[in-house]
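Observations on the three-dimensional arrangement
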Amino acid sequence: MSIASLAPDYIRSIMPYQPGKPISELAREMGIEEANIVKLASNENPLGMSAQARDAVHAAVAELGRYPDGGAFALKVALCRRFGVKPEQLVVGNGSNDILELVTLAFLAPGLSAVYSRHAFAVYPLATNARGAHGIEVAAQNFGHDLDAMAAAITPQTRVVFIANPNNPTGTFVSGAALEAFLGQVPRHVLVVLDEAYTEYLAPEQRYDSIAWLDRFPNLLVSRTFSKAYGLAGLRVGYAVAHPDVADLMNRVRQPFNVSSIALAAAEAALGDEEFIARSAELNRRGMVQLTEALAAMGLEWIPSAGNFVTFKVGDAIGVNQSLLRQGVIVRPIAAYGMPHWLRVSIGLPEENARFIEALRQALA
Ligand SMILES: *Cc1c(COP(=O)(O)O)cnc(C)c1O
């Protein structure tokens with residue numbers, strides 16, 4: 001008998017997360033120079049991080065012999081100033097992935113359930129299953145969240161509902177008004193996790209103030225990250241804003257030093273560089289036009305996206321992906337999301353987008 005067979009069934013049945021292929025891995029596999037590889041597979045900011053964040057990283061190196069501030073005091077002060085919240089409402093995570101895990105650690109257990117949409121972010125079922133809780137997957141509507149169906153799927157055992165807005169990998173978006181109406185419908189025994197990993201990319205007319213809703217909805221948790229628009233994916237920082245009682249529970253199950261000192265310093269500096277975020281959003285807006293015009297010219301179907309990526313239909317996604325990889329272009333196959341005929345491409349620099357477009361033309365020829 002193998003020791004592994006003694007692990008709970010719900011652990012042994014977990015399918016591991018499939019990350020975007022690292023540049024170094026494709027370089028090894030195909031013998032392509034790293035400098036000639038374009039990675040548009042993980043929704044990273046093609047500008048990297050802001051210069052202010054980079055300076056903060058360098059300065060923080062001097063203190064690496066010490067433990068980080070497990071209470072994330074300085075970053076919390078900066079977040080409180082920005083969002084008008086209290087430090088007791090904040091949880092800082094090792095990426096927002098950590099926030100999602102902490103939610104399930106604090107609120108789920110065998111016999112309880114979480115509700116999420118089909119084609120929604122892969123970490124929701126992963127984190128739910130890791131607690132032995134039951135995942136209720138709700139059918140999507142035009143590849144996005146069907147909020148009425150999600151509200152109807154809640155049972156007395158449900159403790160968490162996950163909503164990604166915009167959603168990854170489909171890029172779909174639900175309006176602030178629809179979310180507010182949903183919160184009014186959801187029973188107070190259910191925590192609504194609003195995952196806003198791409199919120200900095202929203203167009204001005206799409207913006208809504210979810211943090212202001214916390215006063216009315218103590219069962220709301222807003223999750224954000226420094227990995228996407230802020231360009232700090234490699235450092236791993238995210239945060240939650242919630243009711244103090246919710247944040248307190250999550251902080252009890254959090255590792256005492258879950259975020260490194262370099263990551264904390266970089267995030268604080270990045271938060272202060274609003275010009276960088278505006279520049280990143282504008283680059284993304286132009287790149288989205290460049291990519292979707294090219295997809296249209298190739299006669300391909302795509303899903304309108306509010307994020308920094310777009311998902312498009314190619315039919316033979318495995319074959320097209322292989323061809324793109326041979327040409328040194330990494331995108332993301334999303335068969336694991338129930339979309340075996342689609343690929344997701346992140347918006348890159350104009351020249352990276354052009355490389356992808358040309359490679360896709362070759363792949364389809
Ligand atoms: C990328 C992503 C995250 C998590 O990213 P972190 O790097 O862990 O902060 C969370 N939710 C969605 C929808 C994402 O796409």
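Residues numbered from 1 in each chain as written. Predicted model: local features only at pLDDT ≥ 70, side-chain atom pairs only at ≥ 80, totals over all residues. Heavy atoms only, no water.

Notes on the pattern of salt bridges
Worth spelling out the cut-off: Whenever Lys or Arg places a side-chain nitrogen within 4 Å of a carboxyl oxygen from Asp or Glu, that contact is recorded as a salt bridge. Secondary structure follows DSSP: runs of H or I at least 4 residues long count as helices, runs of E at least 2 residues long count as strands, and numbering of each begins at the N terminus. The classification of residues rests on relative accessible area computed with a 1.4 Å probe and restricted to protein chains. Under 20% of the type maximum is buried, over 50% is exposed, and intermediate values are partly exposed.
In total, this model carries 15 salt bridges according to the counting rule given. The residue Asp 9 makes a salt bridge to Arg 12 at a minimum N-O spacing of 2.7 Å. With a gap of 3 residues between them, Asp 9 and Arg 12 both fall in helix H1 (residues 9-12), about one helical turn apart. Classification of Arg 12 as partly exposed rests on a relative accessible area of 44%. Here Glu 101 makes a salt bridge to Arg 131, at a shortest N to O gap of 3.0 Å. Of this pair, Glu 101 sits in helix H5 (residues 95-107) while Arg 131 sits in the loop between helix H6 (123-130) and strand S4 (134-138); the two residues are 30 residues apart in sequence, bridging distant segments of the chain. Exposure remark for Glu 101: the relative accessible area of 23% places this residue in the partly exposed category.

Brief notes about the UniProt feature "modified residue: N6-(pyridoxal phosphate)lysine" (unreviewed entry) in the chain
This is how it is decided: UniProt positions are given in the numbering used here, feature names are shortened, and annotations may be inferred rather than shown by experiment. Contacts are assigned to residue pairs with any non-hydrogen atoms lying within 4.5 Å of each other. Any N or O atom pair separated by 3.5 Å or less is treated as a polar contact, with the protein-specific requirement of one donor-capable and one acceptor-capable atom, and with residues adjacent in sequence counted only for side-chain atom pairs.
The UniProt entry lists Lys 228 under the feature "modified residue: N6-(pyridoxal phosphate)lysine" (unreviewed entry), expressed in the numbering used here. Its location among the elements puts Lys 228 in the loop between strand S7 (220-225) and strand S8 (238-242). Here Lys 228 falls in the buried class, since its relative accessible area comes to 16%. Filtering out sequence-adjacent residues up to four positions away, Lys 228 remains in contact with Ser 42, Asn 43, Asn 45, Ala 197, Tyr 198 and Tyr 201. Only 3.1 Å separates the side chain of Lys 228 from the side chain of Tyr 198, close enough to count as a polar contact.

Some thoughts on the UniProt feature "domain: Aminotransferase class I/classII large" (unreviewed entry) in the chain
Under the UniProt annotation, the feature "domain: Aminotransferase class I/classII large" (unreviewed entry) is placed at residues 36-360. With 39% helix and 17% strand, the stretch residues 36-360 has end C-alpha atoms that lie 16 Å from each other.

With respect to the side chain of Thr 292
Position of Thr 292 among the secondary structure elements: in helix H11 (residues 274-297). Classification of Thr 292 as buried rests on a relative accessible area of 14%. There is a polar contact of 2.7 Å between the side chain of Thr 292 and the backbone oxygen of Met 288. Beyond its immediate chain neighbours, meaning those up to four positions away, Thr 292 contacts Trp 302 and Val 310.

Topic: the environment of Ile 32
With respect to the secondary-structure elements, Ile 32 resides in the loop between helix H2 (23-30) and strand S1 (38-39). In sequence terms Ile 32 and Gly 84 are 52 residues apart; their C-alpha atoms lie 49 Å from each other. Those residues within four positions of Ile 32 in sequence are excluded, and the remaining contacts are Ala 27, Ile 37, Leu 325, Arg 326 and Gly 328.

Focus: the domain arrangement of the chain
Interface size is commonly expressed as the accessible surface area that is lost when the partners come together. Here is the rule we go by: Marked domain ranges trace back to an automatic or database domain assignment. We define buried area as the total accessible area lost by two parts upon association, computed with a 1.4 Å probe and summed across both. For this classification, the nonpolar set comprises Ala, Val, Leu, Ile, Met, Phe, Trp, Tyr, Cys and Pro, the charged set comprises Asp, Glu, Lys and Arg, and every other residue, Gly included, is treated as polar.
Domain boundaries in the chain define domain 1 (3-48 + 275-364) and domain 2 (51-273). Its C-alpha centre places domain 1 at a distance of 23 Å from the equivalent point of domain 2. If you look at the interface, domain 1 gives 30 residues, while domain 2 gives 31 residues. Among the residues of domain 1 in contact with domain 2, Ile 277, Ala 306 and Tyr 337 are the three that bury the most area, contributing 26% of the side total. Taken together, the connections running from domain 1 to domain 2 amount to 9 residue pairs in polar contact (both at pLDDT 80 or more). For the side of domain 1 that touches domain 2, the elements supplying multiple residues, two or more each, are H1, H11, strand S10 (309-313) and strand S13 (342-346). Per-element tally for the side of domain 1 that touches domain 2: the top contributor is H11, with 6 residues. The residue inventory of the side of domain 1 that touches domain 2, partitioned by class, reads 16 nonpolar, 11 polar and 3 charged.

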